[in-house]
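Overview (structure and organization)
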Amino acid sequence: MSDEQLQRLVEQISLESFGLSFNHQACFNKRLRTTGGRYLLRSHNIEINPKQLQYYGEKALVGIIKHELCHYHLHLQGKGYQHRDDDFKWLMSKVGAPRFCDVIPGVQNVTKTLHRYQCLACGLQYNRKRKIDVRKYVCGKCKGKLEKK
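If you're wondering where the values come from, they're calculated on a predicted model, not measured in any experiment.

The rules behind these values
Residues numbered from 1 in each chain as written. Predicted model: local features only at pLDDT ≥ 70, side-chain atom pairs only at ≥ 80, totals over all residues. Heavy atoms only, no water. Phe/Tyr/Trp six-rings, centres within 6.5 Å; stacked < 30°, edge-to-face > 60°. Helix = DSSP H or I, 4+ residues; strand = E, 2+ residues; numbered from the N terminus. Buried < 20%, exposed > 50% of the residue type's maximum accessible area, 1.4 Å probe, protein only. Lys NZ or Arg CZ within 6 Å of the ring centre and 35° of its normal. Core = buried A, V, L, I, M, F, W, Y, C linked by side-chain atoms within 4.5 Å. Contact = heavy atoms within 4.5 Å. Axes fitted to C-alpha atoms, helices over the stretch in contact; angles between N-to-C directions. Parallel < 35°, antiparallel > 145°, perpendicular 65-115°, else oblique. Left-handed = near helix turned anticlockwise from the far one by under 90°. Nonpolar A, V, L, I, M, F, W, Y, C, P; charged D, E, K, R; others polar. Expected span 1.5 Å × (residues − 1). Bend = angle between axes of the 7 residues up to and from the residue. Polar contact = N/O pair within 3.5 Å; in protein donor to acceptor, adjacent residues only side chain to side chain. pLDDT = per-residue confidence, 0-100. Lys, Arg positive; Asp, Glu negative; His and termini not counted. Salt bridge = Lys/Arg side-chain N within 4 Å of Asp/Glu carboxyl O.

Our focus in this paragraph is the packing of aromatic side chains. Following the criterion strictly, the structure yields two aromatic pairs and no others. Seen in terms of ring centroids, tyrosine 39 and tyrosine 72 are 5.9 Å apart; in terms of plane orientation they differ by 85°. Their pairing is edge-to-face. On the criterion of sequence distance, the pair formed by tyrosine 39 in strand β2 (residues 37-39) and tyrosine 72 in helix α2 (residues 50-77) is long-range, its members being 33 residues apart. Taking the relative accessible area as the measure of exposure, tyrosine 72 reaches 1% and is therefore buried. Here the aromatic cluster, defined as three or more aromatic residues joined through ring pairs, consists of Phe22, Tyr39 and Tyr72. Against the face of tyrosine 117 rests lysine 148, its NZ or CZ located 5.3 Å from the ring centre.

This is how it looks when you write it as structure tokens:
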């Protein structure tokens, strides 16, 4: 599928599912790795990961387009367009857009544990990607002091 075909598909889905026109650009971005697509706030354009189409087909592509169009239309209307907003959740359920896309084979989004902490009182262990200040933070279970392991 070319960028022109994608543009026409996004315009068509916007009219059919949302009843509103899509007046900006939609294109494939092969640099996207762990996401199915993204809505750009400044330009209002939509970028789609072409590997989603390659691995999961047009049905997954339509779902990703609907998801990004939810961001698009809500943002332009001045409503809550972020994942945590009720407007966004409601519109996603209304149009049948998925919350997440499928993981592309061979692409791992693994979070490495770099810092380990243990509670001195209850012994609960915490694995963190970022370093925390043990003088400021306490155990979430018993409020005991933490130490770096």
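What follows is about the nonpolar core. Where a protein is soluble and globular, its nonpolar side chains tend to be buried together. By size, the foremost hydrophobic cluster in this structure holds 23 residues, and its most contacted members are Leu6, Ile48, Ile65, Leu69 and Cys70. Taken together, the elements giving at least two residues each to this core come down to α1 (3-18), β1 (26-28), β3 (46-48), α2 and α3 (86-95). With seven residues, the top contributor of residues to this core is α2. Aside from chain neighbours lying at most four places away, what touches leucine 6 is Met1, Ala26, Cys27, Phe28, Ile48, Leu61 and Ile65. Formed by five residues, the second largest nonpolar core is a distinct cluster that contains Tyr117, Cys119, Tyr126 and Leu146.

Look at α2 against α3: their axes get within 10 Å of each other, and the N-to-C directions meet at 135°. Considered as vectors, α2 and α3 are oriented oblique to each other. Relative to α3, α2 is oriented so that their crossing is right-handed. Facing α2, whose interface residues are Lys66, His67, Cys70, His71 and Leu74, α3 presents Asp87, Phe88, Leu91, Met92 and Val95. Its residues assigned to classes, the contact of α2 with α3 comprises six nonpolar, two polar and two charged.

Right, let's get into α2. Taking 1.5 Å of rise per residue, 28 residues should cover 40 Å, yet α2 covers just 28 Å from first to last C-alpha, more than 12% shy of that figure. Taken as a whole, α2 carries its principal kink of about 135° at tyrosine 56. Two or three places before lysine 51, at the opening of α2, asparagine 49 has a side-chain oxygen 3.0 Å from that residue's backbone nitrogen.

Of note in the backbone geometry, histidine 44 takes a positive phi value of approximately 65° without being a glycine. A positive phi angle is found at lysine 143, which is not glycine, with a value near 70°. On the secondary structure map, lysine 143 appears in the loop between β5 (125-128) and β6 (146-148). Since its relative accessible area comes to 60%, lysine 143 is described here as exposed.

Here we take up the confidence of the model for the chain. Across the chain, the average pLDDT comes to 92, with 97% of residues at or above 70. Within the chain, β5 has the poorest average pLDDT of any element, 91, and β3 the best, 97.

Here we take up the side chain of glutamate 68. As for its placement among the helices and strands, glutamate 68 is situated in helix α2. Arginine 38 provides the closest opposite charge to the buried, salt-bridge-free glutamate 68, at an N-O distance of 8.3 Å. If sequence neighbours within four positions are ignored, glutamate 68 has contacts with Gly37, Arg38, Tyr39, Ile46 and Ile48.

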